[in-house]
Amino acid sequence: MNENLNPFAIAQAQLDEAAAVLQLDPDMHAFLREPMREFHFTIPVRMDDGTTKTFQGFRVQYNDARGPSKGGIRFHPDETIDTVRALAAWMTWKTAVADIPLGGAKGGVICNPREMSSGEMERLSRGYMRNVARFVGLTQDVPAPDVNTNPQLMAWMLDEYELIIGHREPGVITGKPLPLGGSAGRTPATAMGGMFAIREAAKIVGLNLQGATAAIQGFGNVGSFAHKLAQELFGIKVVPVSDEFGGIYNAHGMNYADVKAHLQRAGKLGGCPNTEPVSNKDLLEMDVDILIPAAIENQLTAQNADHVKAKVVAELANGPTTPEADNILNDKGIYIIPDFLCNAGGVIVSYFEMVQNSYQFYWDEAMVNERLDLNMTTAFKAVHDMSVTQKVDTRVAAYLVAVNRVAEAVRLRGWV
Ligand code: NAD
């Protein structure tokens, strides 16, 4: 039987498993299975050739019981409403497991940024914000960058929002450029948080990180900083890395600065000096200590999970592992740091960005990282302890921690 790879079906199945362990009240379970609100809209954009192209946009506010909803905006040709729903659900669990006072949301636009000019991207970003401006805000819902969106796009969206409301409100969006109220340490935050989680997992599995090997799938914002920080903070040897076109490999480890410089020159990782090519499929099955999926969903499936040799899987990407693969990896005794714990660093520093915007007082990067470490380590410990006391795998444990917290807020509000 084929696996169901619909991300929202997977997110619901994960919740169902946690609800069964928690013996969650069925009415609460039914409420938490669905997004509270979603917006579907069209964005007409004047293209450079004078034609007008209509794009489809989404914003899903999954749950805001614990605070204003929070989540990035993806621009991707394969974006679907179910992907956005799943990511919004995972944001809800992520903010809860990180114990920051926010809910979960996500946005997306079906488009191919690789085929669009800077001007077209600006008009699309401003058009997106015009559609959601009534529904977002510091106390309602706070967007951020995600796949194929970046600080410049956030700057255009912020500017559009402030033109609409008529005053400055930088905390409406995070991941902004520093001069517009961005936080120090936000760009590497997801990977940095993942490093703190890997450090804690290494203690549990008895892995010495100095000289340990890692494979990283994806070399975008998250994957490239994961390479840099793994090398600089712990002396981990990154053996293969990849992008959507394929991977590169060197058994002795690859220097981050060399790989980055090649990528900037060539536009893709392939052909990097002193490396051999490796496919994305083979990368996942390599004999390394730590496997870091940092690209897209559904990479570890029933087809390949049995071939994974890593001791630790650190899910920096959202949804890289299907439920079937999850069972296989757990049966093999692999320590999984589940996505919404492992990659919570991004939203934690986004929250710090909102706090700094509200106070109009800014922290340096050392302060941001110190606080991030505290949040990540506390969240990791809560999940690990739950997995030990409840005798469940780490993903179910993360759900138990998160769902308990969201359900408590829903109950206190009297919604269910
Ligand atoms: P990005 O667009 O900067 O980079 C994505 C990388 O993945 C690129 O190197 C791309 O070439 C590669 N890629 C795309 N398709 C691939 C495929 N089929 N096989 C292998 N590589 C492929 O995105 P990002 O911001 O680095 O996000 C990566 C993942 O991390 C996503 O799942 C995202 O949701 C998640 N995430 C990002 C953040 C953040 O702060 N940026 C926070 C939490 C989670």
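Basis of the calculations
- Residues numbered from 1 in each chain as written.
- Predicted model: local features only at pLDDT ≥ 70, side-chain atom pairs only at ≥ 80, totals over all residues.
- Heavy atoms only, no water.
- Helix = DSSP H or I, 4+ residues; strand = E, 2+ residues; numbered from the N terminus.
- Buried < 20%, exposed > 50% of the residue type's maximum accessible area, 1.4 Å probe, protein only.
- Polar contact = N/O pair within 3.5 Å; in protein donor to acceptor, adjacent residues only side chain to side chain.
- Contact = heavy atoms within 4.5 Å.
- Near = heavy atom within 4 Å.
- Nonpolar A, V, L, I, M, F, W, Y, C, P; charged D, E, K, R; others polar.
- Arc of directions from axis to C-beta.
- Pairing = 2+ DSSP bridges.
- Axes fitted to C-alpha atoms, helices over the stretch in contact; angles between N-to-C directions.
- Parallel < 35°, antiparallel > 145°, perpendicular 65-115°, else oblique.
- Left-handed = near helix turned anticlockwise from the far one by under 90°.

Caption draft 1: Just the side chain of N298, in detail. Mapped onto the secondary structure, N298 falls in the loop between β10 (290-293) and β11 (312-314). N298 gets classed as buried once you look at its relative accessible area, which sits at 18%. In terms of polar contacts, N298 uses its side chain to reach the backbone carbonyl oxygen of L5, at 3.0 Å. Residue contacts for N298: discarding those within four places in its chain leaves L5, I10, G319, P320 and T322.

Caption draft 2: Up close: the site of the ligand. Taken together, the neighbourhood of the ligand is formed by 23 residues, with R74, T190, V222, E244 and N318 sitting nearest. In the model, an oxygen atom of the ligand is placed 3.4 Å from a nitrogen or oxygen of the D146 side chain. Measuring from an oxygen atom of the ligand, one finds a backbone N or O atom of N221 at 2.9 Å. For the shell around the ligand, the residue count by class is 8 nonpolar, 9 polar and 6 charged.

Caption draft 3: Up close: helix α8 (residues 256-266). Within α8 the residues assigned to the buried category are Y256, V259, H262 and L263. When α8 is viewed along its axis, its buried side chains cluster within an angular range of 135° and face the same direction. Of the exposed residues in α8, the ones pointing more than 90 degrees away from its buried face are Q264 and R265. Contact partners of the buried residues in α8: α7 (221-234), β7 (237-243) and β8 (246-249). Looking one or two residues beyond α8, the residue adopting positive phi is G267, at roughly 80°.

Caption draft 4: Structural context of the sheet that holds strand β5 (residues 141-145). Across the sheet, which stays open at both edges, the 5 strands sit in the order β1-β2-β4-β3-β5 with mixed pairing between neighbours. The sheet is open, and its two borders are formed by β1 (37-46) and β5, each paired with just one other strand. Between one strand axis and the next, the sheet turns by 20° as a mean value, whatever way the strands run.

Caption draft 5: Structural context of the sheet that holds strand β9 (residues 276-278). The 7 strands lie next to each other as β9-β8-β7-β6-β10-β11-β12, forming an open sheet whose pairing is mixed. Of all the strands in the sheet, just β9 and β12 (335-337) have a single pairing partner and so form its edges. Across the sheet, the mean angle separating the axes of adjacent strands is 20° when strand polarity is ignored. As paired strands, β8 and β9 are joined by 3 bridges and run antiparallel to one another. Paired with I248 across the strands is P277, a residue of β9. Contacting β10, β11 and β12, helix α6 (residues 189-205) crosses the sheet at an angle of about 160° to β12.

Caption draft 6: Structural context of the packing of α6 against helix α12 (residues 345-359). Where α6 contacts α12, the axes come no closer than 7 Å and their chain directions differ by 120°. Considering their axes alone, α6 and α12 lie oblique with respect to each other. Once α6 is placed against α12, the crossing between them reads as right-handed. Counting all contacts with α6, which are made through A189, T190 and G193, the residues of α12 involved are G345, G346 and V349. In the contact of α6 with α12, the residues fall into 2 nonpolar, 4 polar and no charged.

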